Amino acid sequence: MESVTFNLPEQGTLRALTLLLFVSIAVPDNAHAQSWPPKLNGANNGTVTLKTDDFLKIPESVVALRMKDGTASFIVAKTAPTVDLAFHRNLGTNAVSRRLWSSWGDIGLASDGRVYCGIGDHGNAVGGDASCFIYCWDPKQKTLTQVVDMNVVIPPGNGQPAWSKVHAKIDEGADGAIYFCCTLNDGNRAKLPTYKWNKTLPGAQLYRYDPATGKTTVFANLPPKRCTATSILDRKRNIWWCNLEAGEGNALWGLDLKSGKPVAHTPDGTIAFNRNFALAADGSIHFNGENSIHHFHPTTGKVTKTDASFIDSPGMRCSTRESKAGHIYGITHKTSQLFRYTPTNGKLKMLGPNWLAGSYTTVCLLSPDERFLYYLPGSHGKAYLDGTAVIQYEIATARRKVLAFLAPPFEKHHNYVPAGTYGVKLTPDGRTLYINFNGHAADGIRPEKMRPNGFGLTAFAVVQIPQGER
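Residues numbered from 1 in each chain as written. Predicted model: local features only at pLDDT ≥ 70, side-chain atom pairs only at ≥ 80, totals over all residues. Heavy atoms only, no water.

K.L.:
Describe the overall build of the protein chain, naming the residues involved and giving the relevant values.
P.N.:
Counting its secondary structure elements, the protein chain contains four helices and 30 strands. Relative to the 2.2 N^0.38 estimate, which gives 23 Å for 470 residues, the radius of gyration of the protein chain is 24 Å and therefore close to what a compact globule would have. Counting only C-alpha atoms and orienting by the principal axes, one finds that the protein chain spans roughly 95 × 55 × 40 Å. With 470 residues in all, the protein chain has 56% of them scored as buried. Across the protein chain, every contact between residues at least 6 apart in sequence was considered, and the portion connecting residues at least 24 apart equals 55%. In the form shown here, the protein chain has an accessible surface area of approximately 20500 Å², with 51% of it arising from carbon and sulfur atoms. (Helix = DSSP H or I, 4+ residues; strand = E, 2+ residues; numbered from the N terminus. Rg over C-alpha atoms; globule rule 2.2 N^0.38 Å. Buried < 20%, exposed > 50% of the residue type's maximum accessible area, 1.4 Å probe, protein only. Contact = heavy atoms within 4.5 Å. Areas by Shrake-Rupley, 256 points an atom, 1.4 Å probe, with all protein chains shown as cover.)

Here it is in structure tokens:
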């Protein structure tokens with residue numbers, strides 16, 4: 001119980017004792033402990049729906065920035081979208097003390113319409129005290145449900161590390177199961193002796209979640225003491241590709257999801273900048289090699305250097321599937337420039353800044369009709385500085401259109417500031433955009449230790465794109 005002292009005159013002793021007893025009963029030790037995530041006012045089964053023309057208002061910060069030289073022009077949509085939003089819940093005991101709840105990887109859209117996403121607490125991974133979860137969004141019920149707790153799949157103990165985030169992609173395999181891989185706060189450190197790997201957990205593992213049974217199992221072990229933050233699934237060939245970190249340089253590694261056996265492993269040092277690679281229609285992998293794009297073809301097992309080189313950038317930070325016209329689109333690291341790359345001839349064309357003068361972006365999508373690119377700039381917790389813009393880039397005209405500025409309305413109506421994303425998916429009909437957000441609570445309810453960064457409160461959002469805007 002919390003002790004309270006009052007300085008009262010002697011004749012008030014009885015009154016003081018009565019008051020002290022009342023306070024002791026009324027104020028338990030955890031009275032100041034804040035539940036996390038905070039309550040989402042107006043939520044139905046954990047989800048709120050917001051539609052407002054405030055989504056179309058240009059923030060003052062953007063008004064000032066768009067006037068500067070070198071910024072890309074943009075227009076704003078005429079019709080506001082409808083947006084559903086839900087917090088990731090069931091974070092365990094004393095969740096508010098784990099200040100860096102965050103999401104670092106791309107999300108997965110399953111064939112039945114459900115969406116899978118991951119978050120973690122960025123906790124003490126080396127000491128075995130960290131949390132990592134997978135959630136499922138049901139579009140019919142409009143509910144976000146936790147389906148995997150990695151501390152249940154891989155129980156803590158024996159001094160082994162604990163997974164603190166999902167950085168690689170989440171994908172549906174040919175068998176209808178959901179495949180994902182977890183990582184540490186920094187997977188590049190996995191080879192250090194401070195990480196006590198063992199037979200149960202020799203390093204990163206590929207996990208298989210079965211939606212029919214709700215069970216998660218270890219599908220395969222990656223090479224020991226290696227981790228990955230980057231993956232892509234070749235659905236046509238059912239091969240899962242990843243970049244292996246923590247070796248003597250980065251390596252490309254491929255796993256057959258039918259047999260569970262590796263099909264490729266390039267030498268360490270093959271990959272330079274390791275946060276993205278692209279899958280071409282012929283099954284070849286195009287990645288950031290030293291000073292240019294390189295590609296690996298599984299049938300020959302050879303790595304070939306191309307003449308495609310990015311100026312002032314280590315390479316691709318995100319990329320799309322290959323279009324029917326034979327192009328892969330994407331955004332560069334550091335410089336945040338849009339590009340078009342043609343795998344068959346290695347030609348590269350730069351398309352200008354992705355947003356304003358360029359803003360760090362980790363995921364972009366090609367629409368099903370191949371007319372648009374969709375992306376949200378400001379991935380690493382800084383999107384709210386520009387209003388958390390949802391961008392639609394029209395390929396034929398190079399027009400950048402903001403479908404919504406999400407941050408100000410959600411802060412106003414629901415005390416939540418969406419602050420950046422690493423995971424976005426678009427439905428096959430091109431109508432719905434799914435986003436897994438990093439973000440933070442509005443200052444009025446945000447714990448002091450969660451300031452000032454744009455992390456600590458993750459959310460899943462569903463943006464319904466109006467018909468006239470697509």
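Here the narrative resumes, following the displayed structure.
K.L.:
Account for the pairing of strand S18 (residues 293-297), naming residues and giving values.
P.N.:
In the case of a regular strand, side chains alternate between the two sheet surfaces. S18 sits mainly inside the fold: four of its five residues count as buried. The sheet contact formed by strand S17 (residues 285-288) and S18 spans four bridges and is antiparallel. Directly across from Ile285, in S18, lies its bridge partner Phe296. Linking two consecutive strands that pair antiparallel, namely S17 and S18, is a turn of four residues; a positive phi of about 75° is found at Asn291 within it. (Pairing = 2+ DSSP bridges.)

K.L.:
Can you lay out unusual backbone geometry for me, pointing to particular residues and giving the numbers?
P.N.:
In this structure, the amide linkage connecting Trp36 to the following residue, Pro37, adopts the cis form with an omega of 5°. For Pro37, the position within the fold is in the loop between helix H1 (13-26) and strand S1 (47-50). Residue Pro452 is bonded to the preceding Arg451 through a cis peptide linkage, with omega at 0°. Here Pro452 is to be found in the loop between strand S29 (432-441) and strand S30 (459-464).

Just geometry here; none of it tells us what the structure is for.
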